[in-house]
Amino acid sequence: MGVADNGHLMIGGCDAVELAKTYGTPLYVMDEARIRSNCRQFQLAFKELPMPARAYYASKAQSNLAIARLVYTEGMYMDCVSAGEMYTALQAGVPGQRLALHGNLKTRDELMMALENDVGQIIVDGFDDLTLLIELARAAGKKASILLRLRPGIDAHTHQSIQTATLDCKFGFSLYDGAAMKAVRMALEAQDCIELMGLHCHIGSQIFETQPYALAADSMCEFIAQIGRDTGTWLKTINLGGGFGVAYTPQDDPLPIAYMVRCAGEAVVQAASKHGLDYLPQIEFEPGRCIVGDAGVTLYTVGADKDVPGVRHYVALDGGMADNPRVALYGSVYTPLIANRVRDAADGHYALVGRCCESGDVLVKDACMPAPKVGEVVALMTTGAYHASMASQYNRLANPAAVLVKDGKARLISKRPTLDDIIAYDRLPEDL
Ligand SMILES: *Cc1c(COP(=O)(O)O)cnc(C)c1O
């Protein structure tokens with residue numbers, strides 16, 4: 001991303017103002033080179049580790065045929081949570097073996113789909129999940145490779161709803177009440193159809209420190225040693241989940257991917273030796289946000305200006321909480337730019353709001369920027385993760401189209417629904 005001589009925002013060599021003209025707004029723009037380079041940082045960092053390592057792209061961050069194909073070509077495995085996400089990855093050409101199926105509720109159909117497609121790893125989240133998987137795998141004559149998801153009670157300093165390994169949370173087996181050990185025994189007793197590969201722990205999202213990963217690595221190695229001593233089985237895989245943070249504003253200061261990976265690797269080496277493992281477990285990550293987050297820009301057109309003197313200066317954009325629910329959900333903060341004059345100095349404070357019928361439909365509550373004028377294009381930066389994938393059709397707004405840009409060329413990767421698409425799933429009962 002950069003700025004052209006004429007002050008226009010450039011993404012992947014494309015002029016943002018031209019993109020808005022060609023494809024309409026709101027528009028999701030994804031920078032191919034940035035996604036590739038984010039993936040490569042993992043692959044390069046892995047080469048320096050003393051143990052085998054894998055990264056599973058958490059496809060919930062943005063699940064789309066083109067994105068799935070792209071990250072797969074960069075060596076990523078893929079983490080899915082539903083039939084829809086698995087189907088997207090499979091249709092994009094990702095082999096089932098490269099997929100992982102996650103989730104605290106997997107339906108019978110989803111588990112069957114995973115078994116039929118030889119999904120490489122199923123992360124088991126609870127006893128009902130495990131019981132059902134054993135039943136289905138046995139009946140199908142398949143052997144499922146699994147990890148057990150743990151909840152070790154780690155507090156990552158992040159927003160409550162994206163913090164996932166504390167004790168009071170819906171995910172995983174607790175390490176403290178014997179549940180995790182009971183699950184291990186259940187899995188080991190089902191060796192005809194279950195292969196217990198290792199342990200999983202996802203501590204949360206938008207994390208800017210390495211210490212929570214070290215704590216997770218320590219808990220998992222300690223538990224691996226306990227399992228080894230109690231059962232004679234030594235688990236070979238540790239999955240540390242995702243969570244690497246990205247910069248939404250200049251105040252955010254994420255650690256480089258390579259550094260996070262290196263520290264996690266060192267933590268696993270230390271923990272393995274501390275707990276008496278005589279081998280290094282394979283280490284896995286599940287990055288979502290840090291793969292696609294900073295590769296995305298959303299373009300909006302300014303539609304209305306309403307100054308409420310002494311209170312707030314509202315500027316309405318032609319999108320909002322339907323294409324970006326993160327502000328309403330988490331109070332997220334973004335950096336807006338005016339796409340045709342990025343270098344202009346800020347001259348005031350503006351509330352950038354959307355067009356949904358909700359006062360809470362805000363995109364940037366207090367933006368210090370040059371006065372946006374009606375008709376201009378506003379770009380919200382760092383909107384590649386958890387935007388398209390979380391979008392709704394509230395107010396029957398058409399979801400934005402998405403384009404993938406590279407070397408000055410844009411390709412459509414998700415089309416904007418037409419009005420007929422919007423009503424396509426409605427049915428009018430004949431007796432009405
Ligand atoms: C959401 C999630 C991820 C990805 O998290 P990011 O913060 O996007 O990297 C990985 N693993 C699990 C289990 C998740 O729920």
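For the structure, check the block above.
These figures come from a predicted structure and were not determined experimentally.

**With respect to the sheet that holds strand β3 (residues 14-15)**
Move 1: A sheet is described by the order of its strands in space; here three strands give the open sequence β1-β2-β3, paired in antiparallel fashion. Only two strands of the sheet have a single partner each, and these edge strands are β1 (2-3) and β3.
Move 2: Pairing of β1 with strand β2 (residues 9-11), which is carried by two bridges, proceeds in the antiparallel orientation. By the bridge assignment for β2, Val3 is matched with Leu9.

**Some details on the site of the ligand**
Move 1: Taken together, 15 residues lie near the ligand, and Lys60, Ser205, Glu286, Arg289 and Tyr386 sit nearest.
Move 2: The backbone of Gly243 places a nitrogen or oxygen atom 2.8 Å from an oxygen atom of the ligand.
Move 3: Between Tyr386 and the ligand, the recorded distance is 2.5 Å, taken from a side-chain N or O atom to an oxygen atom.
Move 4: Notes on the ligand: free accessible area 390 Å², of which the protein chains cover 93%.
Move 5: Along the lines of polarity and charge, the residues of the shell around the ligand split into three nonpolar, seven polar and five charged.

**Some remarks on the packing of aromatic side chains**
Move 1: One pass over the full model with this rule turns up nine aromatic pairs.
Move 2: Measuring from centroid to centroid gives 5.5 Å for Tyr213 and Phe244, while their planes differ by 85 degrees, and the two rings are edge-to-face. With Tyr213 in helix α8 (residues 211-231) and Phe244 in the loop between β12 (237-239) and α9 (257-274), this pair connects stretches of sequence that are 31 residues apart. Across the pair, Phe244 and Tyr213 agree in class, each one buried.
Move 3: Put simply, the rings of Phe42, Phe46, Tyr213, Phe244 and Phe285 pair up and form one aromatic cluster.
Move 4: Over the aromatic face of Tyr77 sits the side chain of Arg98, whose NZ or CZ is 3.9 Å from the ring centroid.

**What about empty space enclosed by the protein?**
Empty space left among the atoms is revealed by rolling a probe the size of a water molecule over them.
Move 1: In total, this model carries two cavities of 30 Å³ or more according to the counting rule given.
Move 2: The space that makes up the largest cavity amounts to roughly 40 Å³.
Move 3: For the largest cavity, the full set of lining residues is Tyr28, Val29, Met30, Gln62, Gly296, Val297, Thr383, Gly384, His387 and Ala388.
Move 4: When contributions to the lining of the largest cavity are tallied by element, the ones reaching two or more residues are β4 (27-31) and β14 (296-308).

**A look at the state of the cysteines**
Move 1: Considering all chains together, one arrives at zero disulfides under this definition.
Move 2: In this model Cys201 remains outside any disulfide bridge; the closest cysteine sulfur is found in Cys169, 9.3 Å from its own.
Move 3: A relative accessible area of 1% means that Cys201 is categorised as buried.
Move 4: Unpaired in this structure, Cys263 has its nearest cysteine sulfur neighbour in Cys290, at a distance of 14 Å.

**A few points about α8**
Move 1: Between its terminal C-alpha atoms α8 stretches 30 Å, which fits the 30 Å expected from 21 residues at 1.5 Å a residue.
Move 2: Directly after α8, the chain includes Gly232, whose backbone phi takes a positive value near 80 degrees.

**Here we look at unusual backbone geometry**
Move 1: Residue Thr25 is joined to Pro26 through a cis peptide bond whose omega torsion reads -10 degrees.
Move 2: Within the secondary structure, Pro26 is located in the loop between α1 (16-23) and β4.
Move 3: The phi torsion at Asp118 lies on the positive side, around 50 degrees, for a residue other than glycine.
Move 4: A relative accessible area of 39% places Asp118 in the partly exposed class.
Move 5: Notably, Thr382 is not glycine yet its phi reads approximately 60 degrees, a positive angle.

**Considering the side chain of Glu286**
Move 1: Structurally, the position occupied by Glu286 is in the loop between β13 (282-285) and α10 (289-292).
Move 2: Despite its burial, Glu286 pairs with no opposite charge; the closest candidate is Arg149, at 6.5 Å N-O.
Move 3: Those residues within four positions of Glu286 in sequence are excluded, and the remaining contacts are Tyr56, Ala58, Asp79, His102, Ile123, His200, Asn239, Gly241 and Gly242.

**Quick notes on the environment of Asp323**
Move 1: In this structure, Asp323 sits in the loop between β15 (312-317) and α11 (326-330).
Move 2: Residue Asp323 is classed as buried on the basis of its relative accessible area, which comes to 4%.
Move 3: For Asp323 and Leu235, which are 88 residues apart along the polypeptide, the C-alpha to C-alpha distance reads 42 Å.
Move 4: One polar contact links Asp323 to Tyr300, side chain to side chain, over a distance of 2.5 Å.
Move 5: Within the structure, Asp323 has its side chain in polar contact with the backbone nitrogen of Gly320 (distance 2.7 Å).

**Let's talk about the pattern of salt bridges**
Move 1: What the rule picks out here adds up to 17 salt bridges.
Move 2: Residue Arg36 is joined to Glu32 by a salt bridge in which the shortest nitrogen-to-oxygen separation is 3.0 Å. In this pair, Arg36 and Glu32 are both assigned in helix α2 (residues 32-47), four residues apart and thus about one turn of the helix distant.
Move 3: Looking at Arg36, the relative accessible area reads 21%, which means it is partly exposed.
Move 4: The buried category is assigned to Glu32, whose relative accessible area is 3%.
Move 5: One salt bridge connects Arg40 with Glu74, and the closest N-O pair in it is separated by 2.7 Å. Of this pair, Arg40 sits in helix α2 while Glu74 sits in the loop between α3 (65-73) and β6 (77-80), placing them 34 residues apart in sequence.

**What to know about the packing of helix α7 (residues 179-189) against α8**
Move 1: Contact pair α7 / α8: the axes reach a minimum separation of 11 Å and the direction vectors enclose 50 degrees. Relative to α8, the element α7 is oriented oblique. You can see that α7 and α8 cross each other, and the crossing is right-handed. Contact residues: Ala180, Met181, Val184, Arg185 and Leu188 in α7; Phe223, Gln226, Ile227, Asp230 and Thr231 in α8.

Basis of the calculations
- Residues numbered from 1 in each chain as written.
- Predicted model: local features only at pLDDT ≥ 70, side-chain atom pairs only at ≥ 80, totals over all residues.
- Heavy atoms only, no water.
- Pairing = 2+ DSSP bridges.
- Helix = DSSP H or I, 4+ residues; strand = E, 2+ residues; numbered from the N terminus.
- Near = heavy atom within 4 Å.
- Polar contact = N/O pair within 3.5 Å; in protein donor to acceptor, adjacent residues only side chain to side chain.
- Areas by Shrake-Rupley, 256 points an atom, 1.4 Å probe, with all protein chains shown as cover.
- Nonpolar A, V, L, I, M, F, W, Y, C, P; charged D, E, K, R; others polar.
- Phe/Tyr/Trp six-rings, centres within 6.5 Å; stacked < 30°, edge-to-face > 60°.
- Buried < 20%, exposed > 50% of the residue type's maximum accessible area, 1.4 Å probe, protein only.
- Lys NZ or Arg CZ within 6 Å of the ring centre and 35° of its normal.
- 1 Å grid on protein atoms, 1.4 Å probe; cavity = no way out; pocket = protein on both sides within 12 Å on 5 of 7 lines; lining within 4 Å.
- Points joined across faces, edges and corners; volume = space filled by probe spheres on them.
- Disulfide = S-S within 2.5 Å.
- Expected span 1.5 Å × (residues − 1).
- Lys, Arg positive; Asp, Glu negative; His and termini not counted.
- Salt bridge = Lys/Arg side-chain N within 4 Å of Asp/Glu carboxyl O.
- Contact = heavy atoms within 4.5 Å.
- Axes fitted to C-alpha atoms, helices over the stretch in contact; angles between N-to-C directions.
- Parallel < 35°, antiparallel > 145°, perpendicular 65-115°, else oblique.
- Left-handed = near helix turned anticlockwise from the far one by under 90°.

Just distances and angles here, no functional claims.
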